[in-house]
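Okay, here's what each chain looks like letter by letter:
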Amino acid sequence: MFSSREDSRSAILFFSSQGIVKELLYSEFEALLEGFTPEKEWIDKEAKAVYLELSADLQIKAAVFFVISFDSEGWVEASWNIPLVNLARTAKVNDVGLKAATAQNCSDPKYQEMLWNPDLSASGKVLGWISDAIAVNKLGFSRQAAENMPNTTGQVAPSAVSHDNNARAMEAQITQLMQHQTQGASDIAQAMAKLEETKAQYAKKLGALQAQLADKVRQFDSAKTQLEGLKSTLEGSEQKIAQMREHYESKLKSTQGHEADFITALREHYETEASEQIASAESEYKELLNWREVELIYRAEREAQLHDEMTQLKLKNTELALMADGDLLQTMSDKGITFMTYQVGLGHINIPVSEVPLYINNPIGFVAAYCKVSQAVYLDWLAHFHAPVCRIQDAQGGYCGADVKRIESPMQFMPGVSDCCPQHQNKA
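Cut-offs used in this document
Residues numbered from 1 in each chain as written. Predicted model: local features only at pLDDT ≥ 70, side-chain atom pairs only at ≥ 80, totals over all residues. Heavy atoms only, no water. Salt bridge = Lys/Arg side-chain N within 4 Å of Asp/Glu carboxyl O. Helix = DSSP H or I, 4+ residues; strand = E, 2+ residues; numbered from the N terminus. Buried < 20%, exposed > 50% of the residue type's maximum accessible area, 1.4 Å probe, protein only. pLDDT = per-residue confidence, 0-100. Contact = heavy atoms within 4.5 Å. Core = buried A, V, L, I, M, F, W, Y, C linked by side-chain atoms within 4.5 Å.

Please clarify how the pattern of salt bridges should be interpreted in this entry.
Two side chains carrying opposite charge are able to pair once their charged atoms lie near each other. Applying the stated criterion to the full structure yields four salt bridges. Linking Glu41 and Lys22 is a salt bridge whose minimum nitrogen-to-oxygen distance equals 3.6 Å. Of this pair, Glu41 sits in the loop between helix H1 (26-33) and strand E3 (46-54) while Lys22 sits in strand E2 (residues 19-25); the two residues are 19 residues apart in sequence, bridging distant segments of the chain. A relative accessible area of 42% places Glu41 in the partly exposed class. Overall, the relative accessible area of 22% leaves Lys22 in the partly exposed class. One salt bridge in this structure joins Arg218 and Asp215, with 3.4 Å as the shortest N-O distance. Of this pair, Arg218 and Asp215 both sit in helix H4 (residues 158-254), three residues apart, which is roughly one turn of the helix. Judged by relative accessible area, which is 30%, Asp215 ranks as partly exposed. Salt bridges here are not isolated pairs; linked through shared partners, they connect Lys22, Glu39 and Glu41.

In structure tokens:
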């Protein structure tokens, strides 16, 4: 893929109104066309680009200025199909001596609408942008001086053969890396499918339990209505008993002598009977309420348990995804790729391959552990680093705000001291 032969020194440059915004090797552009990777920054957009063929000393041999469209997901539109290599070979030399294919200078008229017309004059910016990009050489093309270029006798220098062999080895390594990445993506897809199936099962169970709970709530409401009716009946009974009590008390007042004992006994009898009826109704009411409350509590606990199980499944899925990427991360590390993160106030922090999952799961906790402080102390220091002022609050909740000396290291930071002015340090 990344051959150093003269006919493979090809690149794709993307333009904006401000200059070149993206550079790709031609092999990387082919991977984009084949659907390996989308371009998120070009979603639903049309990009202007140029295909370049360079000589051994990185001079422009030919250029094709084309337009390419991307869909709503960042993939190249399926209808796009321009033979860039053929157009470059058949391109005509323009007024500035450049062999270039544009909308106005195209050897095949049917591709004119897919090309664009850049300003290639001396006063234009396009050629300057291209020359600057070639000079910076971000794509890593090998530059061969004129005296080291192949001779006209047809013999190839040993250094060129060695460089070609190295390029083939690099191509094989990158092919193997892409195979590992494809396998890892397949494993993750299978794990995600299994997780979705499990989530669907638990969602079905949760729906059934919610339906049962709704049914129990309806039963509870019905029982509550019955209890309210019973309470209304009980109140009516109490009113009748009160009326009977008034009646017999009235008779008691009108009764003389020997009838007083009989009336007293009769009143006590009715009071006892009424008390027993009220106690019985209250007991039934409390028992029914307790039964409904216990059932609702059980349903709530069951829902909480299912929620916890769903959370654990999500965590297991994250771990599975990280394990699937483990071989890829190790392969990238073996190829010389270093993982690091930039943190404000700390600069760049190297991340060992074995600790990449820890960083992904909890970046703040990882950086705090790196600084040998707790996560809470690290967050307090980070707030102090961004705004080195006194953070003591008054009774109204306002901050003191007096400037304090910035502490550059989390290990030297003491909450309540380092972020307080001298006036408030003794009060913190």
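Okay, back to it.
Sorry if this is basic, but what is going on with the confidence of the model for the protein here?
Note: predicted coordinates in regions of low pLDDT should not be interpreted at a detailed level. Mean pLDDT for the protein: 81, with 82% of residues reaching 70 or above. Predicted confidence is poor over residues 1-7, with pLDDT under 50, and the contacts of this stretch with residues over four places away or in other chains come to 21 contacts. In this model residues 147-163 is a low-confidence stretch, pLDDT under 50, and it forms six contacts with partners more than four residues away in sequence or in other chains.

Is there a simple way to think about the nonpolar core in this case?
One broad rule of soluble globular proteins: the nonpolar side chains tend to lie buried together. The biggest cluster of nonpolar side chains holds 26 residues, and the ones touching the most others in it are Ile12, Phe14, Phe29, Phe66, Ile68 and Leu84. Among the elements of the structure, strand E1 (10-16), H1, E3, strand E4 (60-69) and helix H2 (84-89) are those that each provide at least two residues to this core. Broken down by element, the residue count for this core peaks at four residues, all from E4. With 21 residues, the next largest nonpolar core counts Ala11, Leu54, Phe65 and Ile130 among its residues.

I tried to follow unusual backbone geometry on my own but got confused; where do I start?
Trans is the prevailing form of peptide bonds, just as negative phi is the prevailing case for residues other than glycine. Non-glycine residue Leu58 carries a positive phi angle of around 60 degrees. The residue Leu58 is located in the loop between E3 and E4 in this model. A relative accessible area of 4% means that Leu58 is categorised as buried. Notably, Asn137 is not glycine yet its phi reads approximately 60 degrees, a positive angle.

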